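Spelled out from the first residue to the last, the chains are:
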Amino acid sequence: MPAIMNAPSPLSIAAVERETRLSKDVLRVWEKRYGFPTPERDANGERCYPREQVERLRLMKRLMDQGLRPGRLARLPAGELAALLARAPAAPGRDAGQENAPLDDLLATLERDPATLQDALQQHLVRQGLDRFVEDIAAPLTAAVGTGWQEGRFDVADEHFYTEVMTRVLRQAIAALPAAGRAPKILLTTLAGETHGLGLMMAEALLALDDASCISLGTDTPLPSILRAAAMHEADIVALSFSAAYPRRQLAASLQELRALLPPQVALWAGGAGIGGLAPIDNLVLLPTLDSGRQALARWRDGAS
């Protein structure tokens, strides 16, 4: 009677992280976003991954290193991934002097020499000025770091480090601006539960450059505190930022509630990646881009004159 071969034991999430160089956070995000991998659960309720899924993850990581996106790769079986890898070039091509070269260089700095990232960012800031730095470096680089984390290029620690460094650079640049001398007074914050603040800081930088009086509360501010601060500072505008991570089911209801509680003469603005696809709300100004905030400021001033 032939010997019965036991199937290889599933691997823990820590073991998969070591074997594939995909972080635990990335594995969990992919599971939720793409429906792959589909881990089993061990006796303690912890994730464990069948070997065939680990092999697919390993192939996906190699293809991502060639520049392919995980959303497409997650749908392919191991055989197609292997065939795709066999046809892939050795490294993604890039023409020298392309528009994305500064961003690619900064991403490489974060990946390989993070201690020098702040100096590199400050050099760009000095060369370009705060206006162009925010629009051409800070905004697209922040999006690229987020994508890099989703795709496994960066660990969550890398993303947190980047956020701290960019926050420091922007805060110093804003502090160096002359005191604003013109209306409106804009109160900037995020709602409770929204801890992502880089978008808010970029908006503050551009509005301050246009001589608006910006009052920042930082992130994660409860609604009653926003109302109190708006009254105390006699704000003309309350501006909120929403990242893509903010729960969409809460977004419209939260904005409608705040709009109803604010005095009618106080404008309410909402911007950031999280507002994409949001239906219009009465007396709410949606700001899908950084530049749309400056346009809204110009319209407010035209209406107030």
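Check the entry above for the structure.
Small disclaimer: the values here were computed from a predicted structure and weren't measured.

Let's shift gears to the overall build of the chain. From N to C terminus, the chain includes twelve helices and eight strands. For the chain, the spread of C-alpha atoms along the principal axes amounts to about 90 × 45 × 30 Å. For the chain, restricting intrachain contacts to residue pairs at least 6 apart in sequence, the fraction spanning at least 24 positions comes to 67%. Here the chain has roughly 16300 Å² of accessible surface; of this, 51% comes from carbon and sulfur atoms. Distance from the positive charge centre (33 side chains) to the negative charge centre (37 side chains) of the chain: 3 Å.

Our focus in this paragraph is the side chain of Thr189. Examined against the element boundaries, Thr189 turns out to sit in strand 4 (residues 182-189). Among the residues examined, Thr189 registers a relative accessible area of 0% and is labelled buried. A polar contact is formed between the side chain of Thr189 and the side chain of Thr221, at a distance of 2.7 Å. Excluding residues that lie within four positions of it along the chain, Thr189 makes contacts with Leu200, Leu217, Gly218, Thr221, Ile226, Ala239, Leu240 and Ser241.

Viewed as axis vectors pointing N to C, helix 7 (residues 117-150) and helix 9 (residues 198-209) meet at an angle of 165°, and their least axial separation amounts to 10 Å. Comparing the axis directions of helix 7 and helix 9 gives the class roughly antiparallel. Of the two possible hands of crossing, helix 7 and helix 9 adopt the one that is left-handed. Every residue of helix 9 that contacts helix 7 at Leu130, Asp131, Val134, Glu135, Ala138, Ala139 and Thr142 is listed here: Leu198, Met202, Ala205, Leu206 and Leu209. Class assignment of the residues belonging to the contact of helix 7 with helix 9 gives a composition of nine nonpolar, one polar and two charged.

Spatially, 5-4-6-7-8 is the arrangement adopted by the five strands of the open sheet, whose pairing is parallel. Two strands close off the open sheet at either side, each with one partner strand: strand 5 (212-216) and strand 8 (285-287). For this sheet, the mean angle separating the axes of adjacent strands, direction not counted, is 25°. Strand direction decides the pairing type here: strand 6 (residues 237-241) and strand 7 (residues 267-271), joined by five bridges, are parallel. Bridge assignment links Ala239 to a residue of strand 7, and that residue is Trp269. Along the sheet, helix 9 contacts strand 4, strand 5, strand 6 and strand 7; its crossing angle with strand 5, the most-contacted strand, is approximately 155°. The strands touched by helix 11 (residues 248-261) within the sheet are strand 6 and strand 7, with strand 7 carrying the most contacts at an inclination of about 160°.

Attention now moves to the packing of aromatic side chains. Considering all chains together, one arrives at two aromatic pairs under this definition. Taking the centre distance of 5.1 Å and the plane angle of 70° together, the rings of Phe242 and Tyr246 count as edge-to-face. Overall, the relative accessible area of 1% leaves Phe242 in the buried class. Classification of Tyr246 as buried rests on a relative accessible area of 7%.

Next up on the list: the pairing of strand 7. Within strand 7, four of the five residues are buried, which leaves it mostly tucked inside the rest of the structure. For the crossover from strand 6 across helix 11 to strand 7, the handedness is right-handed. Here three bridges tie strand 7 to strand 8, and the two strands are oriented parallel to one another. Paired with Ala270 across the two strands is Leu286, which belongs to strand 8.

Geometrically, the link from Phe36 to Pro37 is a cis peptide bond, its omega value of 0° lying close to zero. The residue Pro37 is located in the loop between helix 2 (24-34) and strand 2 (40-41) in this model. Positive phi values are uncommon outside glycine, yet Asp220 reaches one of about 60°. Within the secondary structure, Asp220 sits in the loop between strand 5 and helix 10 (223-232). For Asp220, a relative accessible area of 37% translates into the label partly exposed.

The rules we used
Residues numbered from 1 in each chain as written. Predicted model: local features only at pLDDT ≥ 70, side-chain atom pairs only at ≥ 80, totals over all residues. Heavy atoms only, no water. Helix = DSSP H or I, 4+ residues; strand = E, 2+ residues; numbered from the N terminus. Contact = heavy atoms within 4.5 Å. Areas by Shrake-Rupley, 256 points an atom, 1.4 Å probe, with all protein chains shown as cover. Lys, Arg positive; Asp, Glu negative; His and termini not counted. Charge placed at Lys NZ, Arg CZ, Asp CG, Glu CD. Buried < 20%, exposed > 50% of the residue type's maximum accessible area, 1.4 Å probe, protein only. Polar contact = N/O pair within 3.5 Å; in protein donor to acceptor, adjacent residues only side chain to side chain. Axes fitted to C-alpha atoms, helices over the stretch in contact; angles between N-to-C directions. Parallel < 35°, antiparallel > 145°, perpendicular 65-115°, else oblique. Left-handed = near helix turned anticlockwise from the far one by under 90°. Nonpolar A, V, L, I, M, F, W, Y, C, P; charged D, E, K, R; others polar. Pairing = 2+ DSSP bridges. Phe/Tyr/Trp six-rings, centres within 6.5 Å; stacked < 30°, edge-to-face > 60°. Right-handed = clockwise from strand over helix to strand, strands pointing away.

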